[in-house]
Amino acid sequence: MKLSLRVKIFVVLIAFSLLPLLISRTVTGRTARNMAATLSEGTRTELLAIVTAELEHSAVTTQRLIESRGAGLRLGAMTLARQAGPLLGDVGVATGQDIPASERHRVRMGGRTMLADANATLPPPDFDTISVHVPPLAQVAGTQEQAARLADLLPVFRDIHASLAPGVTWARVGLESGLLLRYPGLDSFPRGYDPRDQDWYRSVRQSLRPEWTVPQADPTTRQVMAVIGCPVFDAAGRFAGVAALDVPIQSVLHETDLKLRWSDAIRSYMVAPDGEGGLRILAQQSYENPGRHWHMGIERERMTSDDPEAFARLLALMSETQSGAMRLPHSGEDSVWAFASGQNYSFLLIAPESVVSRLPDEVSGSLAAMFERIRSMSAVISGFMLMATALLAWFGSRAITRPIVNVAEAAGRLAGGDFSTRVHGPRTGDERDVLADAFNDMVPRLAEQMRLSRDLALAEEVQRLLLPGHPPTLPGYDLAGGIVYCDQTGGDYYDFIEVRTESGRALAVVLGDVSGHGVASALIMASVRGQLHSLADMPMTAGERLTAINASLARDLDGTGRFLTLFYLELLDDAGSVRWVRAGHDPAIRHLPGADHSGELGGEGLPLGVLEETAYAEGHTRLEPGEVLVLATDGVWEARDGKGRMFGKKRMLALIRENAHNSAQSIRDALMDAVDAHQGGVREDDTAVVVVRRTGSAAAPEDRAGTTTGNARGNA
């Protein structure tokens, strides 16, 4: 008859005498102290690693917030610039226009007061007006005409400021004439202030593209700002000025939120390589000096550490990874440095080690105190019990708990990666045998799951390497492509391949969709990709190339029920000549900016792998300058939201028309972002999009007649 653990303990208490139990109590006490010390130190080490990882996560999260916020601010500045440009007309033509009486309530002219005291309180800004500032040497008549033209910017200022609040302090437009418009309205400009002399204006004027200027002293509030500026062009395409948004450094760094979460001792920085093997500080809390004069430049400091060798290792780590953490001193105090890097800068958090280790030290101390209390309590209870029973209980507990300790030790070896470990020992005939058997049965299953996980991860990496790293550069064209799988691997595929044709060289643009998804579809995709690349140097037409691939694939897939739809497009020259083959895939969508309808590159053709003897026909056409081709898999228009509603081709066509004037990358991003938002982040199918845009000035839609042969047709 098998006895339970509780019965066995009772039998041990009755069976043994006083002396053996006393010996057991002494040995068990020593073991408990050692275990307490080991567990306390181990727990502290693990918690310290977890808290350090959490600090790194805070750096990554904040860096992503900064990037997301920066993208919104950049879009706001670009919107303001695009709205201001048409209002200026041709700034080289003066009309003598003054501000109409009906518009004068919307602007505030002549504000040139400044703060004499850095601690003085500014009057509240007026959100219904625009402040207008004219430098002393500017021509007042010309600036009044420009101010009259830009009076209609008030709704734009208001919308941009409201949508980006509370981070944005000022939205402004500075012109080459010296005129400066600022929202919200507040008459507080220094007399000598000229926007054309400021870093935020000069950097944009020099590059003619959006630029960040950090740090920049604000002449009104004397706060340190990060400024995003965007060039303004008049109707003639000439540079006319800069539209800019001012954001306080404190808002950029999110240091208030970080201090609430961690400690007042934490410090945040935005840094960038200085070209000399070090780091230049772009933004830090110490820049927030409200008494700083706007005329005095802000000298950018360099990030340093008390340990140059450790700092050099940190720089090496930052160059190799996008995020990480390292311990090294800062300002004479041992600290943890956590970073997250973006494209042009890195976000750096520095926390004293005393802050990071506070929780681990508390938990470690609590564990030690808990074990000490347990020992003390055990001693008190033992004193009131019969000495013989207490000694027998401690002696017996060691033998009883040994199998459980064996399981714990085996679990530790398993955690270290030893999948050959097993729990061995004498059979006890109770629940401890069940625990040991369950552990021994679990280990091989866990090893198999780990192997499958590694195999899938390897397959995912291999498939990622089979896709283009970036689109090629081809004169006359702007190319972009992207793919998102619903599983670790999938059957959607796109590629850019330089091929040899019967008459020369061409760039092939390929988009395919294997039936189903997962590993099987990924293998078929890899096979077709290999055949396309192996035939790239063969002088063949597009139809001959797909006919040869289909014959081989049909033999391989015979009886499996699988197939591959493919759209194969060749860009023959920089004059816009293209030809294509449609192998069961949805037609490519073509759209010319300004046209009220879109077209298709269609044609007949079975999917690859269905019939071995299938021959594929080609279509030919010519793309007009500015015309856009969009190739996509059914994961785009068949994407469903939480209520089962499909994304649909109508919405896809509307997005293409809306973004047709943008770059190929922007069109691709707009489509994939819209699909992702529609699905709410839950994907049921792979999604792939390729955009081909012919560069150059777009022709009028009526000039396209007679340029297409084959199966290319229009859609409303």
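As a reminder, the structure under discussion sits directly above these lines.
Before going into details, it helps to say that this report is about the structure given with it. Just so you know, these numbers come straight off a predicted model, no measurement behind them.

A word on the overall build of the protein chain
Stage number 1. For the protein chain, the count of helices and strands is 16 helices and 25 strands.
Stage number 2. Here the protein chain holds 716 residues, and 47% of them are scored as buried.
Stage number 3. Here the contacts in the protein chain between residues at least 6 apart in sequence split such that 68% fall between residues at least 24 apart.
Stage number 4. As displayed, the protein chain offers around 34,800 Å² of accessible surface, 55% of which is attributable to carbon and sulfur atoms.

What to know about unusual backbone geometry
Stage number 1. Of note, the amide linkage connecting Tyr-183 to Pro-184 takes the cis form, showing an omega dihedral of 0°.
Stage number 2. Positionally, Pro-184 belongs in the loop between β4 (180–183) and α5 (199–207).
Stage number 3. With a phi close to 55°, Leu-208 is a non-glycine residue in the positive phi region.
Stage number 4. Relative to the helices and strands, Leu-208 resides in the loop between α5 and β5 (211–217).
Stage number 5. Assessed through its relative accessible area of 43%, Leu-208 is described here as partly exposed.

A closer look at the packing of helix α13 (residues 519–534) against helix α14 (residues 542–557)
Stage number 1. For the pair α13 and α14, the least separation of the axes is 11 Å and the interaxial angle reads 150°. Classified by the angle between their axes, α13 and α14 sit roughly antiparallel to one another. The hand of the α13/α14 crossing is right-handed. Here Ile-524, Val-528, Gln-531 and Leu-532 of α13 come into contact with α14, specifically with Ile-549, Ser-552, Leu-553 and Leu-557.
Stage number 2. In terms of residue class, the contact of α13 with α14 is made up of six nonpolar, two polar and no charged.

Let's talk about the environment of Phe-419
Stage number 1. Within the fold, Phe-419 resides in the loop between α11 (387–415) and α12 (431–466).
Stage number 2. Spatially, the C-alpha atoms of Phe-419 and Pro-444 are 7.1 Å apart, while their sequence positions differ by 25 residues.

Points about the pairing of strand β22 (residues 628–632)
Stage number 1. Of all five residues that make up β22, five are buried, and the element is covered over most of its length.
Stage number 2. Judged by which residues are buried, β22 turns out to be covered on both faces: Val-628, Val-630 and Ala-632 on one side and Leu-629 and Leu-631 on the other are all buried.
Stage number 3. Here strand β19 (residues 588–591) pairs with β22 via three bridges, running antiparallel. Counted as the bridge partner of Ile-589 is Val-630 from β22.
Stage number 4. One ladder, built from five bridges, connects β22 with strand β23 (residues 687–694); its direction is antiparallel. Bridge assignment links Val-630 to a residue of β23, and that residue is Val-691.

Notes on the sheet that holds strand β10 (residues 302–303)
Stage number 1. Read from one edge to the other, the open sheet built from six strands follows the order β10-β9-β8-β13-β12-β11, with strand pairing classed as antiparallel. Here the strands that pair on one side only, and so sit at the sheet edges, are β10 and β11 (323–330).
Stage number 2. Here five bridges tie strand β8 (residues 267–273) to strand β13 (residues 346–352), and the two strands are oriented antiparallel to one another. Each bridged residue has a counterpart across the sheet, and for Met-270 the counterpart in β13 is Phe-347.
Stage number 3. This element, helix α8 (residues 308–320), spans β8, β9 (279–284), β10, β11, β12 (333–341) and β13 of the sheet and lies at about 165° to β11.

Describing helix α4 (residues 154–164)
Stage number 1. Every buried residue belonging to α4 is among Leu-154, Val-156, Phe-157, Ile-160, His-161 and Leu-164, and all of these are buried. Projected down its long axis, α4 carries its buried residues within an arc of 160°, all on one side. Those residues of α4 that are exposed and angled more than 90 degrees off the buried face are Asp-159, Ala-162 and Ser-163.

Observations regarding the side chain of Arg-694
Stage number 1. Tracing the backbone shows Arg-694 in strand β23.
Stage number 2. The side chain of Arg-694 sits in the buried core without any salt bridge; Glu-624 is the nearest counter-charge, 5.2 Å away.
Stage number 3. One polar contact links the side chain of Arg-694 to the main-chain carbonyl oxygen of Leu-623, over a distance of 2.5 Å.
Stage number 4. Aside from chain neighbours lying at most four places away, what touches Arg-694 is Gly-476, Tyr-477, Asp-574, Ala-575, Gly-576, Arg-622, Leu-623, Glu-624, Pro-625, Gly-626 and Glu-627.

A look at the nonpolar core
Stage number 1. With 49 residues, the main nonpolar core has Tyr-568, Leu-569 and Leu-571 as its most contacted residues.
Stage number 2. When residues in this core are grouped by element, the largest group, seven residues, is from strand β16 (residues 504–514).
Stage number 3. Within the second largest apolar cluster, 31 residues are counted, among which are Leu-73, Val-168, Ile-228 and Ala-243.

A word on helix α16 (residues 664–679)
Stage number 1. An ideal rise of 1.5 Å per residue puts 22 Å on 16 residues; α16 measures up with 23 Å between its terminal C-alpha atoms.
Stage number 2. Looking at α16, one finds that the buried residues are Ala-664, Ile-667, Arg-668, Ala-670, Leu-671, Met-672, Val-675, His-678 and Gln-679.
Stage number 3. Tucked inside the fold, the buried residues of α16 contact β14 (477–484), β22, α15 (649–659) and β23.
Stage number 4. Immediately beyond the C-terminal end of α16, within one or two residues, lies Gly-680, with a positive phi of roughly 70°.

A few points about a nonpolar patch on the surface
Stage number 1. A grouping of Met-442, Leu-446 and Met-450 is seen on the molecular surface, where their side chains present a nonpolar patch of about 230 Å² in accessible area.
Stage number 2. Its location among the elements puts Met-450 in helix α12.

Thoughts on the side chain of Ser-335
Stage number 1. Looking at the secondary structure, you find Ser-335 in strand β12.
Stage number 2. For Ser-335, a relative accessible area of 2% translates into the label buried.
Stage number 3. A polar contact of 3.0 Å, which involves the side chain of Ser-335, links it to the backbone oxygen of Glu-333.

Concerning the packing of aromatic side chains
Stage number 1. Counted under the stated rule, the structure contains seven aromatic pairs.
Stage number 2. Judged by centre distance (6.5 Å) and plane angle (80°), the rings of Phe-233 and Phe-239 are edge-to-face.
Stage number 3. Residue Phe-233 is classed as partly exposed on the basis of its relative accessible area of 34%.
Stage number 4. Ring geometry for Phe-311 against Trp-337: centres 6.0 Å apart, planes inclined by 65°, an arrangement best described as edge-to-face. Of this pair, Phe-311 sits in helix α8 while Trp-337 sits in strand β12, and the two are 26 residues apart along the sequence.
Stage number 5. Since its relative accessible area comes to 10%, Phe-311 is described here as buried.
Stage number 6. Here a set of aromatic residues connected by ring pairs shows up, and it is made of Trp-200, Tyr-201, Phe-233 and Phe-239.
Stage number 7. The side chain of Lys-649 reaches across the aromatic face of Trp-637, ending 4.5 Å from its centre.
Stage number 8. Arg-651 extends its terminal NZ or CZ atom over the ring of Phe-647, reaching a point 5.0 Å from the ring centre.

Regarding the pattern of salt bridges
Stage number 1. The final tally for this structure, using the stated rule, is 22 salt bridges.
Stage number 2. Two residues, Asp-246 and Arg-172, come together in a salt bridge whose shortest N-O distance is 2.6 Å. Of this pair, Asp-246 sits in strand β7 (residues 239–248) while Arg-172 sits in strand β3 (residues 170–175), and the two are 74 residues apart along the sequence.
Stage number 3. The exposure class assigned to Arg-172 is buried, which follows from its relative accessible area of 3%.
Stage number 4. Here Arg-196 ties to Asp-194 by a salt bridge, and the two come within 2.8 Å at their closest N and O atoms.
Stage number 5. Take Asp-194: its relative accessible area is 10%, and that puts it in the buried class.

Let's talk about the pairing of strand β20 (residues 598–601)
Stage number 1. Every second residue of β20 is oriented toward a common face, with Ser-598 and Glu-600 on one face and Gly-599 and Leu-601 on the other, all of them buried.
Stage number 2. Taken together, the three bridges between β19 and β20 define a ladder with antiparallel strand orientation. When the sheet's bridge partners are listed, Ala-588 is paired in β20 with Leu-601.

Basis of the calculations
- Residues numbered from 1 in each chain as written.
- Predicted model: local features only at pLDDT ≥ 70, side-chain atom pairs only at ≥ 80, totals over all residues.
- Heavy atoms only, no water.
- Helix = DSSP H or I, 4+ residues; strand = E, 2+ residues; numbered from the N terminus.
- Buried < 20%, exposed > 50% of the residue type's maximum accessible area, 1.4 Å probe, protein only.
- Contact = heavy atoms within 4.5 Å.
- Areas by Shrake-Rupley, 256 points an atom, 1.4 Å probe, with all protein chains shown as cover.
- Axes fitted to C-alpha atoms, helices over the stretch in contact; angles between N-to-C directions.
- Parallel < 35°, antiparallel > 145°, perpendicular 65-115°, else oblique.
- Left-handed = near helix turned anticlockwise from the far one by under 90°.
- Nonpolar A, V, L, I, M, F, W, Y, C, P; charged D, E, K, R; others polar.
- Pairing = 2+ DSSP bridges.
- Arc of directions from axis to C-beta.
- Lys, Arg positive; Asp, Glu negative; His and termini not counted.
- Salt bridge = Lys/Arg side-chain N within 4 Å of Asp/Glu carboxyl O.
- Polar contact = N/O pair within 3.5 Å; in protein donor to acceptor, adjacent residues only side chain to side chain.
- Core = buried A, V, L, I, M, F, W, Y, C linked by side-chain atoms within 4.5 Å.
- Expected span 1.5 Å × (residues − 1).
- Patch = residues over 30% accessible without salt bridge, like charges linked within 9 Å, V, L, I, M, F, W, Y side chains within 5 Å.
- Phe/Tyr/Trp six-rings, centres within 6.5 Å; stacked < 30°, edge-to-face > 60°.
- Lys NZ or Arg CZ within 6 Å of the ring centre and 35° of its normal.

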